[in-house]
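Examining the three-dimensional arrangement
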Amino acid sequence: MSSNVLLDCQAVNTRFGSLHVLKDVSFDIRPGETVGLVGESGSGKTTIGRAILGIGPVTSGRIVFKGVDIAGQSPRERKGDATRIQAVFQDPYTSLNPSMTVEDCLVEPMVARGIAGLQEARGRVRALLDQVALPADAAQRFPREFSGGQRQRVAIARALALSPKLIVCDEPVSALDLSTQARVLELFIDLQQRTGVAYLFISHDLAVVRHLAHRVAVMRAGGIVEFGDCDQVTARPSHPYTQRLLLAAPVADPVRQAERRAQFKSLVAGV
Ligand SMILES: Nc1ncnc2c1ncn2[C@@H]1O[C@H](COP(=O)(O)OP(=O)(O)OP(=O)(O)O)[C@@H](O)[C@H]1O
Ligand SMILES: [Mg+2]
């Protein structure tokens, strides 16, 4: 394995009964890199994300993290940095307990993993809130008291509490309005520059992924149909499916949008 690879998915297959959901999925993520994972609904994006997190099944294949195959291991069975792989989901309540204050939401993973005592963990809360640009007084409030964008910032702070090398972000901005999306995406970029964390950034929206991904993997019906540099994939997609995905992505400029709709129609007719 090259030392320049953080995570290497090698021919990962997942079946749910007779349903073959992941088909030889292979891609890698380098340290500090963002790999965007795009594809239509049901293509298997969440399934590979969950497999990497150790919360979803792997039928065959390897998921090599820092040289160790972690496929099929739960987070508890993992060792070293693999125990710290974190997730940010579309719904922040997936990781935030609504009955806990923000402080307790941030302290809990540090104490549960034994990486800090209670006092020390509490001492880190302010810096974590600061990292996600939330005010210090957010600590004593409850998740429901925040806007959707702020609540997602709390979920990001919680993921950061364990100083992960990799965060799986599954549609983390899809529930937010456009201007909030842009600010949260800037936060992801800023945190990566400051901490060197790598992201697997899952989205059905190629426009979002384009904004922050270094490389992009395109999934269709359980397989990766294209994987390469973001500029390359989005400017000169080699697979017809990616071309259609690109043309279906919304464009701010209505004139270009109309042009692209026309292009899209002719392409669909031609495929
Ligand atoms: N636990 C499960 N049991 C059975 N089938 C499942 C299970 N989890 C996922 N699937 C199936 O696997 C396929 C891929 O689902 P997945 O959630 O990975 O898609 P996705 O690309 O994340 O879609 P979306 O963009 O809608 O989130 C779907 O057909 C789904 O119904
Ligand atoms: Mg999904």
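Refer to the structure presented above.
In short, a report on the structure.

Scanning the protein from N- to C-terminus turns up nine helices and ten strands. Its C-alpha radius of gyration of 19 Å places the protein within 12% of the 18 Å reference for a compact globule of 271 residues. Taken over the C-alpha atoms alone, the protein extends approximately 65 × 45 × 35 Å along its principal axes. Across the 271 residues in the protein, those meeting the buried criterion constitute 49%. A separation of at least 24 residues holds for 64% of the contacts in the protein among residues at least 6 apart in sequence. Surface accessibility of the protein: about 12600 Å² in total, with carbon and sulfur atoms responsible for 50%. In the protein, 32 positive and 27 negative side-chain charges are present, and the distance between their average locations comes to 2 Å.

Attention now moves to the layout of surface pockets. One number sums up the size of the largest pocket: a volume of about 570 Å³. If you go around the largest pocket, you meet 20 residues; those closest to its centre are Pro75, Ile85, Gln86, Arg113 and Arg158. When residues of the lining of the largest pocket are traced back to their parent elements, those giving at least two are strand E6 (86-89), helix H2 (102-112) and helix H4 (148-160). Among the residues forming the lining of the largest pocket, the class breakdown is eleven nonpolar, four polar and five charged.

Around ligand 1, a shell composed of Phe16, Leu19, Val21, Glu40, Ser41, Gly42, Ser43, Gly44, Lys45, Thr46 and Thr47 is seen. A distance of 2.5 Å separates an oxygen atom of ligand 1 from a polar side-chain atom of Ser41. Within the backbone of Gly44, a nitrogen or oxygen atom sits 3.0 Å from an oxygen atom of ligand 1. Protein chains shield 57% of the accessible area of ligand 1, which is 640 Å² for the free molecule. Those elements that place two or more of their residues in the shell around ligand 1 are strand E2 (19-29) and helix H1 (45-53). Per-element accounting of the shell around ligand 1 gives the leading share, three residues, to H1. Class assignment for the residues of the shell around ligand 1 results in three nonpolar, six polar and two charged.

The antiparallel open sheet is built from four strands, whose spatial order is E2-E1-E4-E5. Each having just a single partner strand, E2 and strand E5 (68-69) make up the two edges of the open sheet. Relative to E2, strand E1 (residues 7-16) is paired through seven bridges, and the arrangement is antiparallel. Looking at E2, one finds that Thr14 is bridged to Leu22.

Let's shift gears to the packing of aromatic side chains. Applying the stated rule across the entire model yields three aromatic pairs. Pairing Phe27 with Phe227 gives two aromatic rings, centres 6.2 Å apart and planes at 70°, and the pair type is edge-to-face. Here Phe227 lies in strand E10 (residues 223-229) and Phe27 lies in strand E2, a separation of 200 residues in the sequence. Geometrically, the ring pair formed by Phe188 and Phe201 is edge-to-face, given 5.6 Å between the ring centres and 90° between the ring planes. Taken together, the positions of Phe188 in helix H5 (residues 178-195) and Phe201 in strand E8 (residues 198-202) put the pair 13 residues apart, joining distant regions of the chain. Residues Phe188 and Phe201 agree in their burial class; the two are buried. An aromatic cluster is defined as three or more aromatic residues linked by ring pairs; in this entry it consists of Phe188, Tyr199 and Phe201. Positioned above the aromatic ring of Phe146 is the side chain of Arg141, whose terminal nitrogen or guanidinium carbon lies 4.4 Å from the ring centre. A cation sits over an aromatic face here: Arg144 above Phe142, 5.1 Å from the ring centre.

Rules behind the numbers
- Residues numbered from 1 in each chain as written.
- Chains lettered and ligands numbered in written order.
- Predicted model: local features only at pLDDT ≥ 70, side-chain atom pairs only at ≥ 80, totals over all residues.
- Heavy atoms only, no water.
- Helix = DSSP H or I, 4+ residues; strand = E, 2+ residues; numbered from the N terminus.
- Rg over C-alpha atoms; globule rule 2.2 N^0.38 Å.
- Buried < 20%, exposed > 50% of the residue type's maximum accessible area, 1.4 Å probe, protein only.
- Contact = heavy atoms within 4.5 Å.
- Areas by Shrake-Rupley, 256 points an atom, 1.4 Å probe, with all protein chains shown as cover.
- Lys, Arg positive; Asp, Glu negative; His and termini not counted.
- Charge placed at Lys NZ, Arg CZ, Asp CG, Glu CD.
- 1 Å grid on protein atoms, 1.4 Å probe; cavity = no way out; pocket = protein on both sides within 12 Å on 5 of 7 lines; lining within 4 Å.
- Points joined across faces, edges and corners; volume = space filled by probe spheres on them.
- Nonpolar A, V, L, I, M, F, W, Y, C, P; charged D, E, K, R; others polar.
- Near = heavy atom within 4 Å.
- Polar contact = N/O pair within 3.5 Å; in protein donor to acceptor, adjacent residues only side chain to side chain.
- Pairing = 2+ DSSP bridges.
- Phe/Tyr/Trp six-rings, centres within 6.5 Å; stacked < 30°, edge-to-face > 60°.
- Lys NZ or Arg CZ within 6 Å of the ring centre and 35° of its normal.

Just geometry here; none of it tells us what the structure is for.
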